[in-house]
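Each chain is listed here by its residues.
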Amino acid sequence: MDLRCLRLGAASLGALLFAIAWSATAGAQQQPAVVDHMPPGMTAENYNAMVQDIARATAEHIRADRVLDAQPPNSVALPRQGDSVAAGGESALLQIDQMVDRLAQIWSSFNASATYSRLSAQLQMDGYRSGQSLFGLLFLGIAIGVIFEAASGWLIGVIVRRWLRRQVGSVSLLPRVAISAMLDGLTLVPLAIVLYGLSTYLVVNGTLQETVAYIVLGNALIWRASAMVLRIWLRPMAPEIRIVAVTDADARRLYVALSLGVLFYMIGRSHIRILMATDFPTDTIVVAGFANNILYTIVDLSVILAIRHPMARWLESLVDEVNRGWGHSKRMLARNWFIFGIALDVAMCVAIAQGLLAGNLNVGGGISTFLDLLISLILIESLGDFVTTHRKATLALQAADFQSDLTIVATRCLRTVLWIAVCSGIAEIWLLDIFGVVAPTERLAWEHNVSKAVLATTAAYVTWEFACYLMARHLPPTARFAPAPDGQVPTRLATLLPLARVTLGIAISVLTILVVLSELGVNTAPLIAGASVFGLALSFGSQTLVKDIISGVFYLTDDAFRLGEYIDSGKAKGTVEGFTLRSIKLRHQNGQLHIVPFGELGSITNFSRDWITVKFNLRLDRNVDLEVVRKVVKKIGQDILDDPEAGPLVIEPLKMQGIAEINDAALVVRFKFTSKPGKSATVQRMAMKRIYERFPEMGINFAGTAAPVPIALKTV
């Protein structure tokens, strides 16, 4: 079904082009009429063309006078480019009726044979070749250039495939794709040489034939360059370096259909540009524009129906699987993209028709540029997704954090900048070129202001991304419910950076909004004044909020705590997991999360700063030798220092501090050691285990639970 649609569209387009060419050839072969009053020095064909132009202009003038006489006094004239369209149902219907009448008049007065006979005569009068021979030589040269391009592409393809087979495993994927793309670009060199030779030696400089040659050959070069870009992305014959995630069959179908679509667009564009270059009447160009509009619609619908399934799979491959909610909606839009494509094609067809009737002859070029930008968005997104996915896979093998990778950050910045540029270009095309919402006299100033606003937005985004990249390099990767690695000490910089990132984001957003509004003509002085008054009222009305923010600033200035440290504030205790401008988050060792405002935090006890000394007591038998206990404990402390796991955690070794208490059944002996913060429990467990194993071996007994009971003796 897809191929039948594409073939039907191509056949319809070919039949229409053949009919136009046949009528032009037939008109060129007609014998000119013989007249007796022809001026000297002018051929009969030129004289007939001049008479036809005069007659056509006179008839149009008479018809226009009749239409104006027939209009009521309050009727609305035909809208032109830059004029505002009157509101209301009656006015809109009247304009539509006038446009239809104008189209019928133009179409009825159009003579294809005379038009193309005049074109052929002008080309022959301006150069030393006839129009038919000029176009024949141009098409022959383009065919020869395409053959040379195909031959060089085949040769380079053989070289690239052999090189890829030899470099498998030694060169990563991204350099291979880049080198292959550069080699593909070399295939245009033979075509460019042939086209340059044609434009240099085929026509005379400064003539109409040179202009026509440049139009045809330039559009041919654009067609082949577009095909090269599609070949680099789709790689129908080289799936190992394919950027787009589609199958081989989908890649071939997409490449063929899109390349043919670009070819038809270039043919229609050359047609209009040639008529405009030869100063044909506006009505003639309007009729040609309507013919191109029909051709564009046929081509668009044929291509959409031919590639609806491959394109759906292409778009679906770009959907991010992380965001499941949005991802499902995006996949549905990707599967049904052709519905929006058909609706957009109809809207473009109507916009071209309205623009041509309103006197905007450049509306077709604007629509063509819009399609180019729309396709470039898809290509940019595909390339960005390809680079990001490959880089993340490489970093996953290296167990690295991709948030602080420069390649991913630069790719994301480039994708966003291109998105902003392309979207602003699309908006400019529809608002200025098609709808004409801005008067021509104000367009330059409007474009200047919008460009500055877009540049400010782009600069703000790039600044934010690289600031986050620099901050991420100094921040440890977040791992919830996981302890920090051994030896990793939380720094003050890592504590302040999250708050600095929030503050920087707010500052960049506010400044960017103010700059953009100012460039768009909005007076920002009242906004700044209003924000100042609102901030003052907020500070008086929310004293608790101000107290929390100020307290937090002083806590951070005093370096009272850092991320990952264990603190006790009296009301809550736990590990500092994060904080905002007004509160701190404490994660208890049992898993509870405490959120405490800075104003209610009070005094803080930090258990994770510098070092920690642990003291613990053991109950020993009252008959133990304390000197033996001291020596055994000292030997245990030295063994812990020599242990490769616990030794780096100890600052001062385990030792006996002395007798803490004497009970009736035991001696309470105190021991102590000093370790790094957060590691005292590990060292204490290891010390207790070794004491429990070593004391019985050395004859040191622990005290029992029974207490001696004194017995009173009776004297007899």
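Residues numbered from 1 in each chain as written. Predicted model: local features only at pLDDT ≥ 70, side-chain atom pairs only at ≥ 80, totals over all residues. Heavy atoms only, no water.

1. Overview of the overall build of the protein
Working step 1: Looking only at helices and strands, the protein features 21 helices and eight strands.
Working step 2: Looking at the protein residue by residue over its 716 residues, the buried ones come to 36%.
Working step 3: Of the contacts made within the protein by residues no fewer than 6 positions apart, 69% connect residues no fewer than 24 positions apart.
Working step 4: Carbon and sulfur atoms form 64% of the exposed surface of the protein, whose accessible area is close to 40700 Å². (Helix = DSSP H or I, 4+ residues; strand = E, 2+ residues; numbered from the N terminus. Buried < 20%, exposed > 50% of the residue type's maximum accessible area, 1.4 Å probe, protein only. Contact = heavy atoms within 4.5 Å. Areas by Shrake-Rupley, 256 points an atom, 1.4 Å probe, with all protein chains shown as cover.)

2. Observations concerning the nonpolar core
The nonpolar side chains of a soluble globular protein tend to be buried, and buried together.
Working step 1: Membership of the largest hydrophobic core comes to 78 residues, with the highest contact counts inside it found for Leu-234, Ile-307, Trp-314 and Trp-430.
Working step 2: Tallying contributions element by element places helix H8 (residues 208–234) first for this core, with 14 residues.
Working step 3: The residues contacting Leu-234, other than those within four sequence positions of it, are Arg-242, Val-244, Ala-251, Leu-254, Tyr-255 and Trp-314.
Working step 4: With 25 residues, the next largest nonpolar core counts Val-629, Val-632, Val-683 and Phe-695 among its residues. (Core = buried A, V, L, I, M, F, W, Y, C linked by side-chain atoms within 4.5 Å.)

3. Quick word on unusual backbone geometry
Working step 1: A positive phi angle is found at Asp-559, which is not glycine, with a value near 55 degrees.
Working step 2: Within the element layout of this structure, Asp-559 appears in the loop between helix H19 (543–557) and strand E1 (566–568).
Working step 3: The class for Asp-559 is buried, based on a relative accessible area of 14%.
Working step 4: Although it is not a glycine, Asp-610 adopts a positive phi angle of roughly 70 degrees.
Working step 5: A relative accessible area of 60% places Asp-610 in the exposed class.

4. Some points on the side chain of Ser-608
Working step 1: Its location among the elements puts Ser-608 in the loop between strand E5 (605–606) and strand E6 (612–620).
Working step 2: Residues contacting Ser-608, with those up to four places away along its chain left out, are Glu-565, Tyr-566 and Pro-677.

5. Re the sheet that holds E1
In a beta sheet, neighbouring strands pair by backbone hydrogen bonds and run either parallel or antiparallel.
Working step 1: Here five strands make up an open sheet; going across it, the order is E4-E3-E2-E1-E5 and the pairing antiparallel. Both outer strands of the open sheet, strand E4 (593–597) and E5, are each paired with one neighbouring strand and no more. (Pairing = 2+ DSSP bridges.)

6. Side note on the packing of aromatic side chains
Working step 1: The full count for this structure, using the stated rule, is eleven aromatic pairs.
Working step 2: Here the aromatic rings of Phe-370 and Trp-430 are separated by 5.4 Å at their centres, their planes lie at 85 degrees, and the arrangement is edge-to-face. You can see Phe-370 sitting in helix H14 (residues 363–397) and its partner Trp-430 sitting in helix H15 (residues 406–434), a full 60 residues away along the chain.
Working step 3: A relative accessible area of 5% places Phe-370 in the buried class.
Working step 4: We classify Trp-430 as buried; its relative accessible area is 15%.
Working step 5: With a centroid separation of 6.3 Å and 10 degrees between ring planes, the pair formed by Phe-561 and Phe-598 is classed as stacked. Taken together, the residues span a long stretch of sequence, with Phe-561 in the loop between H19 and E1 and Phe-598 in the loop between E4 and E5 at a distance of 37 residues. For the residue pair Phe-561 and Phe-598, the accessibility class agrees, reading buried in each case.
Working step 6: Site record: aromatic cluster; members linked through ring pairs are Tyr-555, Phe-561, Phe-579 and Phe-598. (Phe/Tyr/Trp six-rings, centres within 6.5 Å; stacked < 30°, edge-to-face > 60°.)

7. Looking at the pattern of salt bridges
Working step 1: Inspection of the entire model under this criterion finds 20 salt bridges.
Working step 2: Its salt-bridge partner being Glu-381, residue Arg-415 comes within 2.4 Å of it at the nearest N-O pair. Separated by 34 residues along the polypeptide, Arg-415 in helix H15 and Glu-381 in helix H14 bring together distant segments of the chain.
Working step 3: A single network of salt bridges, built from pairs that share partners, joins Asp-559, Arg-562, Glu-565 and Arg-609. (Salt bridge = Lys/Arg side-chain N within 4 Å of Asp/Glu carboxyl O.)

8. With respect to the packing of helix H6 (residues 173–185) against H8
Working step 1: Across the interface, H6 lies against H8 with an axial gap of 10 Å and an inter-helix angle of 155 degrees. Comparing the axis directions of H6 and H8 gives the class roughly antiparallel. Crossing of H6 against H8: the hand is right-handed. Contact residues: Ala-181, Asp-184 and Gly-185 in H6; Met-228, Arg-231 and Ile-232 in H8.
Working step 2: Considered class by class, the residues forming the contact of H6 with H8 number three nonpolar, one polar and two charged. (Axes fitted to C-alpha atoms, helices over the stretch in contact; angles between N-to-C directions. Parallel < 35°, antiparallel > 145°, perpendicular 65-115°, else oblique. Left-handed = near helix turned anticlockwise from the far one by under 90°. Nonpolar A, V, L, I, M, F, W, Y, C, P; charged D, E, K, R; others polar.)

9. A closer look at the pairing of E4
Working step 1: Pairing of strand E3 (residues 583–587) with E4, which is carried by five bridges, proceeds in the antiparallel orientation. Among the inter-strand pairings, Ser-583 is bridged to a residue of E4, identified as Pro-597.
Working step 2: Turn length for the E3-E4 hairpin, with the two strands adjacent in sequence and antiparallel, is five residues, and the turn residue Gly-591 shows positive phi of about 110 degrees.

10. Considerations on the sheet that holds strand E7 (residues 650–662)
Working step 1: In spatial order, the strands read E6-E8-E7; together these three strands make up an open sheet with antiparallel pairing. The sheet is open, and its two edges are formed by E6 and E7, each paired on a single side. This sheet shows a mean twist of 20 degrees between the axes of neighbouring strands, independent of strand direction.
Working step 2: Here E6 pairs with strand E8 (residues 667–675) via nine bridges, running antiparallel. The residue bridging Leu-618 from the neighbouring strand is Val-669, located in E8.
Working step 3: Each of E6, E7 and E8 is contacted by helix H20 (residues 626–642), which is oriented at about 160 degrees to E7, the strand it contacts most.
Working step 4: The strands touched by helix H21 (residues 680–697) within the sheet are E6, E7 and E8, with E6 carrying the most contacts at an inclination of about 25 degrees.

11. Digging into the environment of Leu-134
Working step 1: Relative to the helices and strands, Leu-134 resides in helix H5 (residues 131–166).
Working step 2: With 69 residues separating them along the chain, Leu-134 and Val-203 place their C-alpha atoms 8.6 Å apart.

12. Considering the confidence of the model for the protein
Working step 1: Of the residues in the protein, 75% have a pLDDT of 70 or more, and the chain-wide mean is 77.
Working step 2: No element of the protein has a lower mean pLDDT than helix H1 (residues 2–29), which averages 41, and none a higher one than helix H11 (residues 308–317), which averages 92.
Working step 3: Across residues 1–37 the pLDDT falls below 50, and counting only partners more than four positions away or on other chains, this stretch makes 42 contacts in the model.
Working step 4: Here residues 478–487 scores under 50 on pLDDT; set against residues more than four positions off or in separate chains, the count is four contacts. (pLDDT = per-residue confidence, 0-100.)

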